[in-house]
Amino acid sequence: IALEGYRTATLNLLTTPEFTDLTNWRLKVKEGAQTWHYLNTDEERKSWPQTIWDKYHLGLPIDVPDLEKPTTPLEAARNGFEFYRRLQTEDGHWGGEYGGPMFLIPGLIITYYITGEPVPEAMRLELIRYLITRAHAEDGGWGIHIEGVSTVFGTALNYVTLRILGLSPDHPVLVKARGTLHKLGGASAIPAWGKFWLAALGVYEWKGVNPIPPELWALPNSLPICPGNWWVHTRMVYLPMGYIYARRLSAPLTTFTQSLREELYVEPYDSINWDKQRNNVAEVDLYTPHSKIMDVLNYGLTYYEALAPKFPWLRDYALKLTVEQIKMEDECTFYLDIGPVNKAMNWLVVFYHYGRDSHEFREHVKRNDDFMWMGPEGMMMNGTNGSQLWDATFIAQACAEAKLADNVNYRENMIKTLEFIDVSQIRRNPPFMKESYRQTSLGAWPFSTRDQGYTVSDCTAEGIKATNALQKVPGLPTLIDNSRLRDAVDVLLTMQNSDNGFASYETIRGPRFLELLNPAEVFANIMIEYSYPECTTAVLMGLRSFVKIDPEYRRDEIDEACNRCLQYIKKVQHEDGSWYGAWAICYTYAAMFALQSLASVGEYYDTSDHSKRGCDFLISHQESDGGWGETYKSCELHVYSHNETSQVVNTAFSVMALLDAKYPDKEPIRRGIEFIMKRQQANGEWLQESIEGVFNKNCMISYPNYKFAFSIWALGKYANVYGDSISEKSS
Ligand code: LAN
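Cut-offs used in this document
Residues numbered from 1 in each chain as written. Predicted model: local features only at pLDDT ≥ 70, side-chain atom pairs only at ≥ 80, totals over all residues. Heavy atoms only, no water. pLDDT = per-residue confidence, 0-100. Contact = heavy atoms within 4.5 Å. Pairing = 2+ DSSP bridges. Helix = DSSP H or I, 4+ residues; strand = E, 2+ residues; numbered from the N terminus. Near = heavy atom within 4 Å. Polar contact = N/O pair within 3.5 Å; in protein donor to acceptor, adjacent residues only side chain to side chain. Areas by Shrake-Rupley, 256 points an atom, 1.4 Å probe, with all protein chains shown as cover. Nonpolar A, V, L, I, M, F, W, Y, C, P; charged D, E, K, R; others polar. Salt bridge = Lys/Arg side-chain N within 4 Å of Asp/Glu carboxyl O. Buried < 20%, exposed > 50% of the residue type's maximum accessible area, 1.4 Å probe, protein only. Axes fitted to C-alpha atoms, helices over the stretch in contact; angles between N-to-C directions. Left-handed = near helix turned anticlockwise from the far one by under 90°. Phe/Tyr/Trp six-rings, centres within 6.5 Å; stacked < 30°, edge-to-face > 60°. Lys NZ or Arg CZ within 6 Å of the ring centre and 35° of its normal. Lys, Arg positive; Asp, Glu negative; His and termini not counted. Patch = residues over 30% accessible without salt bridge, like charges linked within 9 Å, V, L, I, M, F, W, Y side chains within 5 Å. Core = buried A, V, L, I, M, F, W, Y, C linked by side-chain atoms within 4.5 Å. Expected span 1.5 Å × (residues − 1). Parallel < 35°, antiparallel > 145°, perpendicular 65-115°, else oblique.

A few words now on the confidence of the model for the protein. When pLDDT is averaged along the protein, the result is 96, and 98% of the positions lie at 70 or above. Across residues 1–6 the pLDDT falls below 50, and counting only partners more than four positions away or on other chains, this stretch makes 13 contacts in the model. With pTM at 0.96, the complex prediction returns an ipTM value of 0.93.

Right under this line is the structure:
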């Protein structure tokens, strides 16, 4: 064992440490960037008092008066915004946690450990709080996301994280978690990304990890397997992974990691047959088994790995390309990177490649905070650096629909929202666009912030819609002129796929069969882009909204694109009338979009078989209390899965869908609205219910702002269709 004591986690706590004082936390915002700060002195606290949104997000009591009980939908919408507007931060956006996935903190903390960078003390304590709170009460384990059953992936990685953060293996929380991990067969059967992190930490052998050859980056773009043709998230994760793998970089063995080797497995570490582990994945974890082709390929690549040292120039060249790509990604995103997974991995590469004192290393450390979110359960890592732009566009449109945007009492809020949308538009193409395989971004809107800077099709479309919804309100300024909307349209018009739909970040670049090479085991549909009803509808509606402002510009192309969107929406409707939602849960979410697409060309319940079947599907799933409720199982299993309780968010999706489709019977819609009103608190608030979002079919993610934006929007829409009354008689 080398280097006794070197960079070991130094604490060995048998009892849970005292957590921080929540009243000392403050959220700082700047052009959407969100960072939480812990104030240590009275002086600091006095000069930077806690705001109401700080308190709300921290779960501290807030002083919001009860409002007069609303009797109509618009009154309810107004009460909702009366509460929600207090949470708007000074830069004009609405913050919120964007947690859910349980595999993000481990990557970050393992990297802190390997690089020797100390985890700030308040963060360390609050991460412990979060992980302990999120351990399942029954078995002490963790799943792939907060609502999922305990898996090896979640349990092994979060166990290791708590150890690094200072808990002793004899701490009761870890004793229990380890019991569950061992019952599941121990860490040897962890899925691929877990194998990667454990190997990087030095508690798994690289021999047990399937090859991740960086040479792929040397392939010409014309070959489908060139990573430039993959879904951007996947290629951006495999990029740094390839570097670490090719150099087989592991933290030096210490007494600490030696101990982990003993804790994580059911058999002695040295007796494990690592060659046999490459394809060993626990049953609870396995969502997408390897294809036969993948197995054969891995087999071949394992031989290649044995030969690679004979061609060092090739590997060196591949690593040079890898480092160049990482540099472009880091610089272009101001070291935020596209998401939290490659953020931690790129930081690790930078550590090995440039060293701890490098500019690159320090820049990475600075932007770690952008991913961390504080809540009553402690500190979590967000799924991106936030959902700022996305949330702002929805509340803007909801306010326009519910007649709040032209209410003078909310003028200030609306101006700030518009300012935020203005500042978030991306005003340049990525430097080195071609070399880094990037989509254009001049004029696009991102999902989170302009710094992150990735074009997303539907975020761009919602950006256009929200801009137009606000800028047409008398008294609100025009901050975004037509030429900038034209830029946004230019981006969208480059993004339509040959199947007529729109995907997330780019067009579909690779063939379907690439999915057979999905190595991740826990996600589906990650190798290439796919068209989605949600993105396609957003773009269709975004383009239609633009045409109203600027009717001449590229009109033929826009009309053609819209027609094609519609063909796509019809084509992907299922037999039973439903659409599968890929980015929120699930059938109700997709129906809201798809039925809106149809309605945009006058296809309603009475005039279109597609619309009729879509509505009938929704109606068949309405609950007896008038609401709708789905669980994440819908996403996982591709079957509508009823939640035990109706959900405000699913109800709002469904009501909006039925209203757009002009569903002829008012009663089910009215009952949905009544349900949303009943769930509203006396101060206008809606409380958090089940998790709302999803990605890659198997991992859920929180959208806490949806309960406000979509409830207000649905209430407004209802009033616009049926008048501002909830009584059964009026029409
Ligand atoms: C997101 C969040 C937003 C989402 C919508 C805009 C809602 C969608 O319509 C298009 C796709 C997009 C942009 C999206 C893609 C995948 C993301 C970035 C996420 C779900 C947030 C987290 C997820 C990312 C992949 C998580 C990191 C995990 C990996 C598998 C790399």
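Before going further, it helps to examine the pairing of strand E1 (residues 25–30). In this sheet, strand E2 (residues 33–38) lies alongside E1 in antiparallel orientation, the contact comprising six bridges. Residue pairing in the sheet places lysine 30 in a bridge with alanine 33 of E2. The hairpin turn running from E1 into E2, its antiparallel successor, is two residues long, and glutamate 31 in that turn takes a positive phi close to 45°.

What surrounds the ligand is a group of 22 residues, the closest being Tyr98, His233, Phe447, Asp458 and Tyr505. Take aspartate 458: an N or O atom from its side chain is 2.3 Å from an oxygen atom of the ligand. When isolated, the ligand has an accessible area of 630 Å², and the protein chains bury 99% of it. Classifying every residue of the shell around the ligand gives 16 nonpolar, five polar and one charged.

Another aspect to go through is the pattern of salt bridges. By the definition in use, this model includes 40 salt bridges. Across the pair arginine 367 and aspartate 370 runs a salt bridge whose closest N-O atoms are separated by 2.9 Å. Since its relative accessible area comes to 15%, arginine 367 is described here as buried. The network of salt bridges with common partners includes Glu215, Arg248, Glu305 and Arg315.

Packing of helix H18 (residues 482–493) against helix H19 (residues 533–549) brings their axes to within 11 Å, and their N-to-C directions diverge by 145°. Helix-helix and strand crossings are classified by hand; for H18 and H19 the assignment is left-handed. Taking contact as the criterion, the partners of Asn482, Leu485, Arg486, Val489, Leu492 and Leu493 in H18 are, on H19, Val539, Leu543, Phe546 and Ile549.

Here the structure, examined in full by the defined rule, presents 56 aromatic pairs. For the pair phenylalanine 103 and phenylalanine 153, a centre-to-centre distance of 5.5 Å together with 25° between the ring planes defines the contact as stacked. Taken together, the residues phenylalanine 103 in the loop between helix H3 (73–84) and helix H4 (104–115) and phenylalanine 153 in helix H6 (residues 152–164) connect sequence positions 50 residues apart. Take phenylalanine 153: its relative accessible area is 2%, and that puts it in the buried class. Here the guanidinium or amino end of arginine 438 rests over the ring plane of tyrosine 454, the centre of that ring lying 3.6 Å away. The ring of tyrosine 580 carries the charged tip of lysine 697 above its face, separated from the ring centre by 5.1 Å.

Counting through the fold element by element, lysine 697 comes out in the loop between strand E7 (693–695) and strand E8 (699–701). Although lysine 697 is buried, it forms no salt bridge, and the closest oppositely charged side chain is glutamate 515 at an N-O distance of 9.0 Å. Side-chain polar atoms of lysine 697 contact the side chain of histidine 638, separated by 2.9 Å.

A contiguous nonpolar patch, built from Ile293, Phe513 and Leu516 and spanning about 290 Å² of accessible area, is present on the exposed surface. By the secondary structure assignment, phenylalanine 513 is in the loop between H18 and H19.

Before going further, it helps to examine unusual backbone geometry. Positive phi is not limited to glycine here, since aspartate 337 has a value of about 70°. Secondary-structure assignment places aspartate 337 in the loop between helix H12 (312–332) and helix H13 (340–354). The class of aspartate 337 is buried, set by a relative accessible area of 0%. One non-glycine residue with positive phi stands out, namely lysine 403, at about 60°. Residue placement: lysine 403 occurs in the loop between helix H15 (388–401) and helix H16 (411–424).

Looking now at the nonpolar core. Core analysis: the biggest nonpolar cluster contains 245 residues, and Phe81, Phe103, Trp193, Leu198, Leu264, Phe523 and Tyr706 have the highest contact counts within it. Among the elements that line this core, the one with the most residues is helix H26 (residues 706–722), at eleven residues. Other than its neighbours up to four places away in sequence, phenylalanine 103 contacts Ile144, Phe153, Leu157, Trp193, Val341, Phe523, Phe695 and Cys699.

Examined against the element boundaries, aspartate 91 turns out to sit in the loop between H3 and H4. In this structure, aspartate 91 is buried with no salt-bridge partner, the nearest side chain bearing the opposite charge being lysine 416 at 7.6 Å. Side-chain polar atoms of aspartate 91 contact the side chain of threonine 89, separated by 2.6 Å. Non-local contacts of aspartate 91, meaning those with residues more than four positions away in its chain, are made with Val29, Lys30, Glu31, Gly32, Lys416 and Phe420.

Moving on, we get to H6. Since there are 3.6 residues in each turn of an α-helix, residues three or four apart along the chain are aligned in direction. Compared with an ideal rise of 1.5 Å per residue, which puts 13 residues at 18 Å, H6 spans 18 Å between its outermost C-alpha atoms and is within 8% of the ideal. Within H6, 13 of the 13 residues are buried, which leaves the element mostly enclosed by the surrounding structure. Between a side-chain oxygen at the N-terminus of H6 and the backbone nitrogen of glycine 154 the separation is 3.0 Å; the capping residue is threonine 151. Remark: glycine 166 follows H6 within two positions and exhibits a positive phi of approximately 120°.

Before going further, it helps to examine the packing of helix H24 (residues 648–660) against helix H25 (residues 666–678). Look at H24 against H25: their axes get within 9 Å of each other, and the N-to-C directions meet at 150°. In this view, H24 runs roughly antiparallel relative to H25, as classed from their interaxial angle. As for the relative orientation of H24 and H25, their crossing is left-handed in sense. Only Ile669, Gly672, Ile673, Phe675 and Ile676 of H25 make contact with H24, whose side of the interface consists of Val648, Thr651, Ala652, Val655, Leu658 and Leu659.

Counted residue by residue, helix H8 (residues 192–201) has ten buried out of ten residues, so it is predominantly covered. Those residues of H8 lying buried are Ala192, Trp193, Gly194, Lys195, Phe196, Trp197, Leu198, Ala199, Ala200 and Leu201. Check the buried side of H8 and you find it contacts H4, H6, helix H9 (232–246), helix H10 (255–263) and H13. Just downstream of H8, glycine 202 is the residue with a positive phi angle, here 90°.

Next up on the list: the environment of alanine 682. Assignment of secondary structure puts alanine 682 in the loop between H25 and E7. Sequence-wise, alanine 682 and proline 340 are 342 residues apart; in three dimensions their C-alpha atoms are separated by 37 Å. Ignoring any residue separated from it by four or fewer positions in sequence, one finds alanine 682 in contact with Asp66 and Leu67.

Assignment of secondary structure puts leucine 14 in the segment before E1. Assessed through its relative accessible area of 52%, leucine 14 is described here as exposed. As for leucine 14 and proline 172, which are separated by 158 residues in sequence, their C-alpha atoms are 7.7 Å apart. Residues within four places of leucine 14 in sequence aside, it is in contact with Ser168, Asp170, His171 and Pro172.

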